[in-house]
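Here is how the chains run, residue by residue.
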Amino acid sequence: MATDGGGCVADLGNRSLLRLVSFCVLLAASVSGDTGVIHVVQKEEDLQWVLTDGPNPPYVVLLEGTLFTRNLMEKMKGRTSRIAGLAVSLAKPSPASGFSPSVQCPNDGFGVYSNSYGPEFAHCREIAWNSLGDGLAYEDFSFPIFLLEDENETNVIKQCYRDHNLSQNGSAPAFPLCAMQLFSHMHAVISTVTCMRRSFIQSSFSINPEIVCDPLSDYNVWSMLKPVNTSETLEPDDKVVVAATRLDSRSFFWNVAPGAESAVASFVTQLAAAEALQKAPDVTTLPRNVMFVFFQGETFDYIGSSRMVYDMENGKFPVQLENIDSFVELGQVALRNSLELWMHTDPMSQKNETVQNQVEELLTTLEKSGAGVPTVVLRRLSRSQPLPPSSLQRFLRARNISGVVLADHSAVFHNHYYQSIYDTAENINVTYPEGQSPEEDLNFVTDAAKALAGVATVLGRALYQLAGGTNFSDTIQADPQTVTRLLYGFLVRANNSWFQSILRPDLRSYLGDGPLQHYIAVSSPTNTTYVVQYALANLTGKVIDLTREQCQDPSKVPTENKELYEYTWVQGPLNSNETDRLPRCVRSTARLARALSPAFELKQWGSTEYSTWTESRWKDIRARIFLIASKELEFITLMVGFGVLVFSLVVTYCINAKADVLFIAPREPGSVSY
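Residues numbered from 1 in each chain as written. Predicted model: local features only at pLDDT ≥ 70, side-chain atom pairs only at ≥ 80, totals over all residues. Heavy atoms only, no water.

**Quick look at the overall build of the protein chain**
The helix and strand tally for the protein chain stands at 17 helices and 23 strands. Based on the C-alpha atoms only, the size of the protein chain along its principal axes is roughly 120 × 80 × 55 Å. Split into buried and exposed, the 674 residues of the protein chain put 55% on the buried side. For the protein chain, the proportion of contacts with a sequence separation of at least 24, taken over those separated by at least 6, is 78%. Positive and negative side-chain charges in the protein chain, numbering 54 and 72 respectively, have mean positions lying 3 Å apart. (Helix = DSSP H or I, 4+ residues; strand = E, 2+ residues; numbered from the N terminus. Buried < 20%, exposed > 50% of the residue type's maximum accessible area, 1.4 Å probe, protein only. Contact = heavy atoms within 4.5 Å. Lys, Arg positive; Asp, Glu negative; His and termini not counted. Charge placed at Lys NZ, Arg CZ, Asp CG, Glu CD.)

Here it is, written out as structure tokens:
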């Protein structure tokens, strides 16, 4: 705490709503910060003081997390002249009724269904997949909105409110009042088209360009079961089975994207399946290859998958669309009811008899793979039901392929916190016994880990059979220990001994003491992307005997091939004394591929074919609280200051006018003779 102008000031750490633009503006805020008197809203009736009754607008509202709903926000949106900003405290426990600021039809308009192709399925006419979605994250608010994650910060604000702002018997509180100032000015304006045009003009003609927004971008993570030459494209007869999932999520607030059910559970399951499949004795001789791909930016109109399809169509990726034999995608898989895992397929592509037969074979293979896993029961759906939001839809836009999406829901999402701040470890029942150390939690196999390991086993066996394997399907078994470590690292504590051991030494700072956030952002690769890449490399790769210099430049080693493999020098596990690490070189096929929407490469900033999401630039996001005086006292202070100014000017003038009298110049000394 520090004093400032006679008032009490506290600078607060926070999360702000960031301006994301596509075709609309989502946030406006003053350059100098938005200031208002704090008013705590703990029940909906308390809002009346802010909207109509309070005598000292504008107000900064401290809102209880359970009240952060579209209905209440619409009321505030209609009285913006009385509201300077909003600070939302995190609800604990999560709202029982659920909360999803996303829309009911995620990525609407960018999937396979449209008014010209499967119009009966377009715009989620048949199933509103995210039934609890209220679209709050896509609304335009003219005041800044902050999230208070730290309970201590929330208590500081509430105490200041109780000490200075709490009215007695409905009367106006006496000054001084506790106020809050929110700084979150965003440079982006109107739409992606406008902000990208301004940025392009600035960068083209200005020595010091003022860029106002940047495209959302990162990298997809991908690997091959059998290495392929990345400088070439596969022959048309080379067939590949694709196993896909997404890496990213989002929430209403910038860089708060826990994504436990919407992303983490599925990509953790796929990592475990990749490890299990790699251990099969005959993987190098399978007739077909398997590609594991983890798409980034799928939350924002399929950035990652649309870019990979674009690169495949233009010969910029080793695997081409015609090489894809089948496509298996993991959707949300952590909240299964009665062990059921549902197989979603596309009804439109199955109008082609060849594709229908291929899909039937795919479903049969999955059912056969799941028969030996008692914790997973695979279920078919009606052939007339459309696909849920999925990366497979972007591939189907380009080519009819046999594909399936595995999910824990048959219709609407089971996830009541889809793309929200509450989609955390607790949402998927990842819990640990009390009193354990972080290291014990890391290695404690939770029930959620066991359940996801079962799904990973089914996926691994199915991929093995789809690739043409027959001899060792029953031996493929996902390791629950791997799953539990991954869940702990991504959802609880990233800075743990296992994650440290699989990363490069220069990436240690990427691991914080809390969970990783899975927002795509604009500075890439993000923490999640790096960790997933290195987890995939360590789980599926091989430790080889190279020095650090050789590992970083394998072209100097005649027996190694940089075109076939990726080489990584990682920190390695702790030695027996647990004082130093044993670094090593890992050779794998885990690589990165750009996940930037083709719209920005083509400069089609208003595209309706590709994602056009951009993120605004900003200079400062912070908040502070302090005491403010009444308007009358401020006016009196101003007048006194003005009076002092006038008086000083008069005195200065008078002194200057009588300077010859008031200030007698000393006489020059006369000449002295001796």
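Now that the structure has been shown, we can carry on.
**Quick word on the state of the cysteines**
Considering all chains together, one arrives at four disulfides under this definition. With its sulfur 2.1 Å from that of its partner, Cys105 forms a disulfide with Cys124. Residues Cys105 and Cys124 are joined through a disulfide that is right-handed, its torsion about the S-S bond being 75°. One end of the pair, Cys105, is in the loop between strand S7 (83-89) and strand S8 (145-148); the other, Cys124, is in the loop between S7 and S8, with 19 residues separating them in the sequence. (Disulfide = S-S within 2.5 Å.)

**Considering the sheet that holds strand S21 (residues 591-596)**
Strands sit in the order S16-S15-S17-S14-S12-S13-S11-S21 across an open sheet of eight strands; the sheet is mixed. Of all strands in the sheet, those with a lone pairing partner are strand S16 (377-380) and S21, marking the two edges. The mean inter-strand angle of the sheet, taken between neighbouring strand axes irrespective of direction, is 25°. Strand direction decides the pairing type here: strand S11 (residues 217-224) and strand S13 (residues 289-295), joined by four bridges, are antiparallel. Bridging across to S13, Met224 finds its partner in Met291. Here helix H13 (residues 527-540) sits on the sheet and contacts S11, S13 and S21; the angle it forms with S11, its principal contact strand, is near 5°. (Pairing = 2+ DSSP bridges. Axes fitted to C-alpha atoms, helices over the stretch in contact; angles between N-to-C directions.)

**Examining the confidence of the model for the protein chain**
On average, the protein chain scores 91 in pLDDT, and the residues at 70 or more come to 94%. Throughout residues 1-13 the model reports pLDDT below 50, and contacts reaching past four residues in sequence, or to other chains, amount to 28 contacts. Predicted confidence for residues 23-28 stays below pLDDT 50, and this span has 34 contacts to residues more than four positions away or in other chains. (pLDDT = per-residue confidence, 0-100.)

**Some points on a negative patch on the surface**
On the surface, a cluster of negative charge is made up of Glu232, Glu235, Asp237, Asp238 and Glu563. With respect to the secondary-structure elements, Asp238 resides in the loop between S11 and strand S12 (240-246). The exposure class of Asp238 is partly exposed, given its relative accessible area of 34%. (Patch = residues over 30% accessible without salt bridge, like charges linked within 9 Å, V, L, I, M, F, W, Y side chains within 5 Å. Areas by Shrake-Rupley, 256 points an atom, 1.4 Å probe, with all protein chains shown as cover. Salt bridge = Lys/Arg side-chain N within 4 Å of Asp/Glu carboxyl O.)

**Overview of the pattern of salt bridges**
As a working rule, side chains carrying opposite charge can pair if their charged atoms are close by. Counted by the stated rule, this structure contains 23 salt bridges. Between Arg379 and Glu340 there is a salt bridge, with its nearest N and O atoms 3.2 Å apart. On the criterion of sequence distance, the pair formed by Arg379 in strand S16 and Glu340 in strand S15 (residues 340-344) is long-range, its members being 39 residues apart. Taking the relative accessible area as the measure of exposure, Arg379 reaches 36% and is therefore partly exposed. A relative accessible area of 19% places Glu340 in the buried class. Shared partners join several salt bridges into a network, and the residues in it are Arg70, Glu74, Lys77 and Glu139.

**Some details on the nonpolar core**
Residues Phe267, Leu487 and Phe490 are the most contacted members of the largest nonpolar core, which totals 82 residues. Discounting chain neighbours no more than four positions away, the residues touching Phe490 are Val264, Phe267, Val268, Phe499, Pro515, Leu516, His518, Thr528, Val531 and Val532. Membership of the second largest hydrophobic core comes to 32 residues, among which are Leu72, Leu136, Leu147 and Tyr422. (Core = buried A, V, L, I, M, F, W, Y, C linked by side-chain atoms within 4.5 Å.)

**Overview of the packing of helix H5 (residues 260-278) against helix H11 (residues 480-491)**
Following both chains from N to C, one finds H5 and H11 inclined at 145°, their axes separated by 10 Å at the closest point. Every pair of crossing elements has a handedness; the one defined by H5 and H11 is right-handed. Note on element contacts: H11 touches H5 through Thr482, Val483, Leu486, Leu487, Phe490 and Leu491, opposite Ala260, Val264, Phe267, Val268, Leu271, Ala272 and Glu275. Partitioning the contact of H5 with H11 into residue classes produces eleven nonpolar, one polar and one charged. (Left-handed = near helix turned anticlockwise from the far one by under 90°. Nonpolar A, V, L, I, M, F, W, Y, C, P; charged D, E, K, R; others polar.)

**Topic: unusual backbone geometry**
Of the consecutive residues Pro57 and Pro58, the connecting peptide bond is found in the cis state with omega at 0°. Of note, Pro58 is situated in the loop between helix H1 (47-53) and strand S6 (59-63). Cis geometry is adopted by the peptide bond preceding Pro176, which originates at Phe175 and carries an omega value of 0°. Relative to the helices and strands, Pro176 is located in the loop between helix H3 (151-164) and strand S9 (177-183). Not every positive phi belongs to a glycine, and Lys603 is a case in point at roughly 55°. Take Lys603: it is sitting in the loop between helix H15 (598-601) and strand S22 (614-616).

**Topic: the sheet that holds strand S19 (residues 566-570)**
The strand order across the open sheet formed by three strands is S18-S20-S19, and the pairing between neighbours is antiparallel. With partners counted over all chains shown, the strands left at the sheet margins are strand S18 (542-544) and S19, one partner each. With direction set aside, neighbouring strand axes in the sheet form an average angle of 35°. The pairing of S18 with strand S20 (residues 584-588) spans three bridges and is classified as antiparallel. The residue bridging Ile544 from the neighbouring strand is Cys585, located in S20. Strands S18, S19 and S20 of the sheet are contacted by H13, whose axis makes an angle of about 90° with S20.

**Focus on H3**
Look at H3: 20 Å from first C-alpha to last across 14 residues, which is about the 20 Å you get at 1.5 Å a residue. Burial in H3 covers these residues: Glu153, Thr154, Ile157, Lys158, Cys160 and Tyr161. End-on view of H3: buried residues confined to an arc of 155°, all on one side of the axis. Among the exposed residues of H3, those pointing more than 90 degrees away from its buried face are Glu151, Asn152 and Asp163. In this structure Asp150 caps H3, since a side-chain oxygen of it lies 2.8 Å from the backbone nitrogen of Asn152. (Expected span 1.5 Å × (residues − 1). Arc of directions from axis to C-beta. Polar contact = N/O pair within 3.5 Å; in protein donor to acceptor, adjacent residues only side chain to side chain.)

**Some points on the packing of aromatic side chains**
According to the stated counting rule, one finds 26 aromatic pairs in the structure shown. Plain terms: the ring middles of Tyr510 and Tyr530 are 5.4 Å apart, the flat faces sit at 75° to each other, and that makes the pair edge-to-face. In this pair, Tyr510 is assigned in the loop between helix H12 (497-502) and H13 and Tyr530 in helix H13, connecting sequence segments 20 residues apart. Judged by relative accessible area, Tyr530 falls into the buried class, the value being 14%. Through a chain of ring-to-ring contacts, the aromatic side chains of Phe68, Phe99, Phe141, Phe143, Phe252, Phe253, Tyr417 and Tyr422 assemble into a single cluster. (Phe/Tyr/Trp six-rings, centres within 6.5 Å; stacked < 30°, edge-to-face > 60°.)

**Describing the side chain of Gln385**
Inspection of the secondary structure puts Gln385 in the loop between S16 and helix H8 (392-398). In terms of polar contacts, Gln385 uses its side chain to reach the backbone carbonyl oxygen of Ser410, at 2.7 Å. Dropping the residues within four chain positions of it, Gln385 is found in contact with Glu126, Ile127, Trp129, His344, Thr345, Pro347, Ser410 and Ala411.

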